[in-house]
Each structure stands twice: as structure tokens, then as C-alpha cells.
Amino acid sequence: MLLAANHETARTLLRCCYFLMYGAFAGYEPFLAVMLQAHKRLPIERVGVLVSIPPFAIFVSSTLWTAAADRYGAHFACLGTAALCSIGAIFGVMGAESFAGLALCIAAFSFLRAPLSPLLDTIAMRILRDDSQSYGRLRMWGGLGYGVVAFLMGFIIESVGFYTMFACYSLILLLFIAGVRILKICVDNLVAKELEDRYHIQRPASPPVKPGPPVSPLQLLRRFDIFSFALTVFFMGIAHYVITSFLFVYLASELQVSKSLMGLLIAASIASEVPCFYVSPRMLSTFGHDKLLIVAHLAYVVRLLAYTLVAGVGAGLAAGAALVTIQLLHGFTFATMWASAVVRANEMAPPGMEASLQGILTASFTGLGCAVGAAAGGFVFSTWGGLALFRVSAAVVALSLALFVVSSRRRSPVYSPPQPRSPTAGSDYV
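Every value quoted in this text rests on a predicted model; they were computed, and no experiment measured them.

J.: Describe in detail the overall build of the chain, supporting the description with residues and values.
T.: Along the backbone of the chain there are 17 helices and 0 strands. Among the 430 residues that make up the chain, the fraction classed as buried is 53%. The contacts in the chain between residues at least 6 apart in sequence include a share of 86% that link residues at least 24 apart.

J.: Report on unusual backbone geometry, specifying residues and quantitative values.
T.: If a residue is not glycine, its phi is most likely negative; likewise, a peptide bond is most likely trans. In this structure, arginine 41 is a non-glycine residue whose phi angle is positive, near 60 degrees. Along the polypeptide, arginine 41 turns up in the loop between helix H2 (32-38) and helix H3 (44-51). Its identity is not glycine, yet arginine 129 carries a phi of approximately 50 degrees, on the positive side. Structurally, arginine 129 can be placed in the loop between helix H7 (116-128) and helix H8 (135-159). Its relative accessible area of 18% is what places arginine 129 among the buried residues.

J.: For the side chain of arginine 303, give the residues involved together with the corresponding values.
T.: Its place among the elements puts arginine 303 in helix H13 (residues 289-309). Glutamate 273 provides the closest opposite charge to the buried, salt-bridge-free arginine 303, at an N-O distance of 8.7 Å. When sequence neighbours within four positions are dropped, the list of residues in contact with arginine 303 reads Ile243, Ser269, Ile326, Gln327, Leu329, His330 and Thr333.

J.: Account for the packing of aromatic side chains, naming residues and giving values.
T.: Within this structure, the stated rule accounts for 18 aromatic pairs. Between tyrosine 22 and phenylalanine 25 the ring centres are 5.5 Å apart and the planes differ by 80 degrees, which places this aromatic pair in the edge-to-face class. Of this pair, tyrosine 22 and phenylalanine 25 both sit in helix H1 (residues 2-26), 3 residues apart, which is roughly one turn of that helix. Taking the relative accessible area as the measure of exposure, tyrosine 22 reaches 10% and is therefore buried.

J.: Please provide a residue-by-residue account of the pattern of salt bridges, values included.
T.: Scanning all chains against the criterion turns up 8 salt bridges. Note that glutamate 8 and arginine 15 form a salt bridge whose closest N and O atoms lie 3.3 Å from each other. A relative accessible area of 39% places glutamate 8 in the partly exposed class. What makes arginine 15 partly exposed here is its relative accessible area of 23%. With its nearest N and O atoms 2.9 Å apart, the salt bridge here joins glutamate 29 to arginine 113.

J.: Report on the environment of tryptophan 338, specifying residues and quantitative values.
T.: Here tryptophan 338 is to be found in helix H15 (residues 330-348). Classification of tryptophan 338 by relative accessible area gives buried; the value is 3%. Placed 105 residues apart in sequence, tryptophan 338 and valine 233 show a C-alpha to C-alpha distance of 9.2 Å. Not counting the four nearest positions on each side in its chain, tryptophan 338 is found in contact with Asp121, Tyr135, Arg139, Phe277, Leu361, Thr362 and Phe365.

J.: Can you break down the nonpolar core residue by residue, with the values?
T.: If you look at the biggest cluster of nonpolar residues, it comprises 128 residues, and the most contacted ones within it are Leu36, Leu116, Tyr169, Phe176, Leu183, Met337 and Trp338. Per-element accounting of this core gives the leading share, 15 residues, to helix H11 (residues 224-254). Apart from residues lying up to four places away in sequence, phenylalanine 176 is in contact with Cys17, Leu20, Met21, Leu79, Ala83 and Leu120.

J.: Before we move on, could you go through the environment of serine 134 and cite the residues and values that matter?
T.: With respect to the helices and strands, serine 134 occurs in the loop between H7 and H8. Residue contacts for serine 134: discarding those within four places in its chain leaves Arg11, Leu128 and Pro281. A distance of 2.9 Å separates the side chain of serine 134 from the side chain of aspartate 131, its partner in a polar contact.

J.: Please give an account of the side chain of threonine 66 that cites residues and values.
T.: As for its position among the elements, threonine 66 is in helix H4 (residues 53-72). For threonine 66, a relative accessible area of 0% corresponds to the buried category. The residues touching threonine 66, leaving out its near neighbours within four places in the chain, are Pro118, Leu119, Ala355, Ser356 and Gly359.

J.: Mind laying out the packing of H11 against helix H16 (residues 354-384), listing which residues take part and the relevant values?
T.: Relative orientation of the contacting elements H11 and H16 amounts to 40 degrees, with a least axis distance of 6 Å. Looking at the two axes, H11 sits oblique to H16. Of the two possible hands of crossing, H11 and H16 adopt the one that is right-handed. Looking at the contact of H11 with H16, its residues break down into 21 nonpolar, 8 polar and no charged.

J.: Describe the environment of cysteine 276, listing the residues and the values that go with them.
T.: Within the element layout of this structure, cysteine 276 appears in helix H12 (residues 259-287). The spacing of cysteine 276 and glycine 331 is 55 residues in sequence and 5.5 Å in space, taken between C-alpha atoms. Apart from residues no more than four positions distant in its own chain, cysteine 276 is found in contact with Met283, Gly331, Phe332, Ala335 and Thr336.

J.: I'd like to hear about H16, residue by residue, with values.
T.: The end-to-end C-alpha distance of H16, which contains 31 residues, comes to 42 Å, matching closely the 45 Å that a straight helix rising 1.5 Å per residue would cover. Remark: the principal bend of H16, roughly 35 degrees, maps to alanine 363. A positive backbone phi angle near 100 degrees is found at glycine 385, which sits one or two residues after H16.

J.: Explain a nonpolar patch on the surface to me, and be specific about the residues and the numbers.
T.: Taken together, the side chains of Val148, Phe151, Leu152, Phe155, Ile156 and Val160 make up a nonpolar region of the molecular surface, amounting to roughly 590 Å² of accessible area. Structurally, valine 148 can be placed in helix H8.

Thresholds applied
Throughout this description, residue numbers start from 1 for each chain and increase along the sequence as written. Local features in a predicted model are, by the rule used here, given only for residues with pLDDT of at least 70; side-chain atom pairs are given and counted only at 80 or more, and totals for whole chains, interfaces and linings are based on all residues. Only heavy atoms go into the side-chain values, all of them from the structure, while hydrogens and water stay out. Helix and strand labels come from DSSP, where a helix needs a run of H or I of at least four residues and a strand needs a run of E of at least two; each type is numbered from the N terminus. Throughout this description, buried means an accessible area under 20% of the type-specific maximum (1.4 Å probe, protein chains only), exposed means over 50%, and partly exposed covers the range between. Residue contacts are defined here by distance: any two heavy atoms, one from each residue, within 4.5 Å place the two residues in contact. Charged residues are defined narrowly, with Lys and Arg counted positive, Asp and Glu counted negative, and His plus the chain ends left uncounted. When a carboxyl oxygen of Asp or Glu is within 4 Å of a side-chain nitrogen of Lys or Arg, the pair counts as a salt bridge. Classification of ring pairs rests on two measures: the distance between centres of Phe, Tyr or Trp rings, Trp counted by its six-membered ring, which must be within 6.5 Å, and the angle between planes, read as stacked under 30 degrees, edge-to-face over 60 and tilted in between. By nonpolar core we mean a set of buried residues, namely Ala, Val, Leu, Ile, Met, Phe, Trp, Tyr and Cys, connected to one another through side-chain atoms within 4.5 Å. In protein, a polar contact requires one atom able to donate a hydrogen and another able to accept it; more generally it is a pair of N or O atoms within 3.5 Å, and residues adjacent in sequence count only if both atoms are side-chain atoms. Between N-to-C directions, angles cover 0 to 180 degrees, with each direction set by a line fitted to C-alpha atoms, over the stretch in contact for helices. Throughout this description, any angle smaller than 35 degrees is read as roughly parallel, any larger than 145 degrees as roughly antiparallel, any in the 65 to 115 degree range as roughly perpendicular, and the remainder as oblique. Left-handed describes a crossing whose near helix is turned anticlockwise from the far helix through less than a right angle; right-handed describes the clockwise counterpart. Any residue outside Ala, Val, Leu, Ile, Met, Phe, Trp, Tyr, Cys, Pro, Asp, Glu, Lys and Arg is labelled polar, Gly included; the first ten of those are nonpolar and the last four are charged. Working rule for helices: expected span equals 1.5 Å times residues minus one. To get the bend at any residue, fit one axis to the seven residues that end at it and another to the seven that begin at it, then take the angle between the two axes. Any residue with relative accessible area above 30% and no salt bridge may belong to a patch, with like charges joined within 9 Å and the nonpolar Val, Leu, Ile, Met, Phe, Trp and Tyr side chains within 5 Å. Here the accessible surface of atoms and residues is derived via Shrake-Rupley with a 1.4 Å probe, and residues count as covered only by protein chains that are part of the display.

The values reported here are purely geometric and, on their own, carry no functional implication.
Quick look at the structure:
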């Protein structure tokens, strides 16, 4: 009974950590480009350069941090260190005035912010262990935190100013760091109780750190199943960033959509994300992650092509209703995809390399996929327009689906989810 209570306490703390972490991200991410243009008074070309820095930094950083965490068994330490240092880096962004200074500070901040998500996902999967399919019901709290804070920050920035972005991020992330520390204490107590109750082993006060196997992310990518998985989420990252970065530009320039309708579309995205995360455990147990990734591909194709058909509906209420309906597919294109991908990455990982696989997932989707989506999407949009961009993106996702279906037939053996095992004195729970 006590062990079950401790496990539930750990899950509750994870929910709080996801809410706070993604709430902190919402404090600055949606408003960074606007702040650079309106507050720092930079021309739009330089703003474009600066906002393209984070995906490249994430691509490099997430794999380095997670590989180090696996190598030295220091997932909590790396998570807390990166979070604390990112607070200092974001104040550098606030104080920088020159273009070079802003570029350097944004790169440093992105390098430190990048590993937070994959490291917390790794800790969550370790705590869930053989119940890893329940990940979505923890991650949905991140969507709630992002939606609540982004909604409130719009009013706060309008009333007080852009500097509240940095204060909001810092304050919420300090609460997140405190939550991570409490979670670490809870996990340590949980393991100690398991040792005492089941095996009558007393856990040492300072257990020795057992380094993981010295396998680099590049070596992991030599496995066909991991490489094909990374390639799949890379293509989906391109589609995700095209929608995130260019949808509102397309709607404003070609359909003259109002700002209030854009706000409603954001709300519709979040409203569809949370329930899809919530039901993901049942969908994973019923269909499996491969079939759900196929569903996510199909949802992306339908969503991207549907945006190109809205122009034929005309303006007014009909167009607004059509756009809101299309936006509800975000739950399938992101939440269903991400829950499936995190569980899939955890199952593919060799023992002791779980964080490295989560880092590869983040680097492929949020890093390289978004970077290519920004660069190629901007070129296609400026050359041929929004309709062409969304059609090309749909074709890219269709190609990704074909490659995924073919590659799924010749994958390497998959590591099974970690099963409950007998802990020993000095074992590293996370």
C-alpha cells in the first residue's frame, strides 16, 4: 500500500513538473519573434535569422545532454543544471542589444533549454516502467500548462510589457526546479522502500554511480530501426514547423483572417491535444505505436491539404468553422504522434541508453525537422506561395508514410519495455 502511494505521489509530481516546464516555455516561445521586432526594433529579415537559431541549437544540444546523462547516470543532475543555467541565459537575451549579442544569447539559451523535455520524458518512462503506455496522461499536463500560461501572457505583456516574458519564464522554471528536486527525493525514498520491504537491503546514503555503456548517438543511428524512426519523425517535424510558422502568415495574407480567429485556432489546437494525450494509453494498448504513427501521418496529409481547400469556402463564418474543424486534427498530428514516438523510443533503447533515444527523438523532430521546415518552408512560401507550401508539405509527409510502412517490415529486434527487476544496493533508479 505504501509503495503504491509513493508511486502515485511520483506521478503527481511528474504532472506538476510537466505543467510548470511547458508553462515556462509558453511564457516566451509564442512571443519571441514579436518581442524582437517590436521591442528590440529589428528588421524582419534579422528576426527570421534569430528565430531560426533555436532548432539548430536543439539538434546539437539534446543529443549531447542526454548522452551525458546516460553515460554518467545523472538524469536529475543534468535536468536541474540545464534548467537553472537557462534562466541566466534568458536574462542575457533580455539585456542584449546588438544583433550579434542577441544571436549568441539565443543560441546559449536554446542549448540549455533543449534537454529539458527529453530528460523529463526519460525520468517519466523510468518511473512508469512497465506502465509506459500511460505516458500520455502525464504529458497532457504539459499541454494544459502551455495553454494556460500562453493565454495569460498575452494580457500581461499587453498591460506591462515584454520584459515580463523573462520574469515569467524564470519564476515558473524556479518552481519547476523545486518540483524536480522533490521528485528526486520521492524517487530515492521509493527505491529505498522497495529495497527494504522486498529484499531487506539497506540503500547506501551515497550509492556509487554506474556509468552507462559508452555508445554515442551516432552509433545508435547505425541501427536500421532507430535510423528509420529518426527519419520518420524528422519528416513529421518539417510538417509541424510549416504549420506552426507559416499557417497564420498564409491565412492573413491570402484569406485575410482576423487576429481573434487566430486566437481561436490556437485554443482549438490545445483543446484537441489534451484529450488525445489522455486517451493515448488505451489507443496504444489497442493499436500499438506503429499503427498510431500511421494515423498521425494520414492526419498530417489531410490537415495540410485541407488548408489549401479553405480558400474555396470563402470568407466569413463558413471559413472560420472550417479552419477550427481542421485545427482539431492537431490532437492526432501532434499528441497521438508524440505519445507513440516517446513510447517507441523507450522500447527501442538499449538498456541504459533511454535518454539518448529521447534526445534523438527531440533532435530529429524539434531540432533538424523544424530547422529544415523553417528554411525550406520560407523559400517555398516566398517563391510559390502558401498553397504550394502546404501541398509540398503534404507530399513530404506522404513520402514519409511510404518509407515508414516499408521500413517497419525489416526492423531490427526491438528492446522490450523494462520489466520490474530486483533492485540491488547502489542501483540507479533513474
